[in-house]
Amino acid sequence: MTSPPAQRTFDATSRLKMKEQTIDEMYGIPENFLEIEVRNPQTHGYGRKMFTDYEIVCRTNIPAFKLKQSSVRRRYSDFEWFRDVLERESSRVNIPSLPGKVFTNRFADEIIEARREGLERFLQIVAGHPLIQTGSKVLSAFIQDPNFSRENYNY
């Protein structure tokens, strides 16, 4: 009497040696990791000079980034400039869009939170892309350098 097909498949694979994972392999730091968080929006100024900036927190062990941990602040207009530069630098990569410009009630908490989420999503996508990691001259500085200035880049 022959065994059913499912039983034969199991028997054939059960002879494969399964290597037990060590605790370090299960819970240790992965070979490459990148955590980017956009948080802590703060609104500054008065009247027509008001703006909101966002804290970018980065934790990584990817060599394209100069620091293992960093925290910087950037305005929405900085993100717009950064996206434009990425599009010019990376013709082979489709750069995602930023959350849209808001012209009315732009300092309302729910508007700022929606923008924060969109900026975080944008950064996670572009910073995680291997072609951008290896090809961009501004990626690391934008995400990690507290003294970052657009004027240092001729774009």
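Above this text sits the structure in question.
Residue positions within a chain follow its written sequence, with the count starting from 1. In view of the model being predicted, local features appear only for residues whose pLDDT reaches at least 70, and side-chain atom pairs are presented and counted only at 80 or more, with totals across whole chains, interfaces and linings using the full set of residues. Note: side-chain values were computed over all heavy atoms of the structure, leaving out hydrogens and water.

Novice: Would you mind going over the pattern of salt bridges with me for this structure?
Specialist: Where side chains of opposite charge bring their charged atoms close, a pairing between them can arise. We define a salt bridge as a side-chain nitrogen of Lys or Arg found within 4 Å of a carboxyl oxygen belonging to Asp or Glu. Counted by the stated rule, this structure contains 10 salt bridges. Across the pair Glu35 and Arg59 runs a salt bridge, and its minimum N-O distance is 2.9 Å. Here Arg59 lies in strand 2 (residues 51-60) and Glu35 lies in strand 1 (residues 34-44), a separation of 24 residues in the sequence. For each residue, the accessible area found with a 1.4 Å probe, counting protein chains only, is set against the maximum for its type, and the residue is called buried under 20%, exposed over 50%, and partly exposed in between. Look at Glu35 and you get partly exposed, because its relative accessible area is 39%. With its nearest N and O atoms 3.1 Å apart, the salt bridge here joins Glu55 to Arg39. Here Glu55 is found in strand 2, whereas its partner Arg39 is found in strand 1, with 16 residues between them in sequence. For Glu55, a relative accessible area of 11% gives the class buried. Among the residues examined, Arg39 registers a relative accessible area of 33% and is labelled partly exposed. Shared partners join several salt bridges into a network, and the residues in it are Glu35, Glu37, Arg39, Glu55 and Arg59. Going along the chain from the N terminus, every DSSP run of H or I of four or more residues is numbered as a helix, and every run of E of two or more is numbered as a strand.

Novice: What exactly am I supposed to notice about helix 4 (residues 109-128) here?
Specialist: One full turn of an α-helix is made of 3.6 residues, so residues set three or four places apart face in the same direction. An expected span of 1.5 Å times one less than the residue number is assigned to each helix. The terminal C-alpha atoms of helix 4, which comprises 20 residues, lie 28 Å apart, in line with the 28 Å expected from a rise of 1.5 Å per residue. Taken as a whole, helix 4 has its buried residues at Ile112, Arg115, Arg116, Gly118, Leu119, Glu120, Phe122, Leu123, Val126 and Ala127. Whether two residues are in contact is decided by their heavy atoms, any of which lying within 4.5 Å being enough. In this structure, the buried residues of helix 4 make contact with strand 1, strand 2, helix 3 (76-89), helix 5 (130-135) and helix 6 (139-144).

Novice: Could you clarify how one ought to interpret the sheet that holds strand 2 in this entry?
Specialist: Strands belonging to one sheet form pairs held by backbone hydrogen bonds; the direction of such a pair is parallel or antiparallel. At least two DSSP bridges between two strands are required for those strands to pair. Strand order in the open sheet formed by 3 strands is 1-2-3, and the pairing between neighbours is antiparallel. In the strand order of this sheet, the two ends are held by strand 1 and strand 3 (69-75), each with one partner. Direction aside, neighbouring strands of the sheet carry axes that sit 20° apart on average. In this sheet, strand 2 lies alongside strand 1 in antiparallel orientation, the contact comprising 9 bridges. By the bridge assignment for strand 2, Glu35 is matched with Arg59. Of the strands in this sheet, strand 2 and strand 3 touch helix 3, which is tilted by about 100° from strand 3. To obtain an axis, a line is fitted to C-alpha atoms, over the contacting stretch when the element is a helix, and the angle between two such axes runs from 0 to 180 degrees between their N-to-C directions. Packing against the sheet, helix 4 makes contact with strand 1 and strand 2, and its axis sits at approximately 150° to strand 1.

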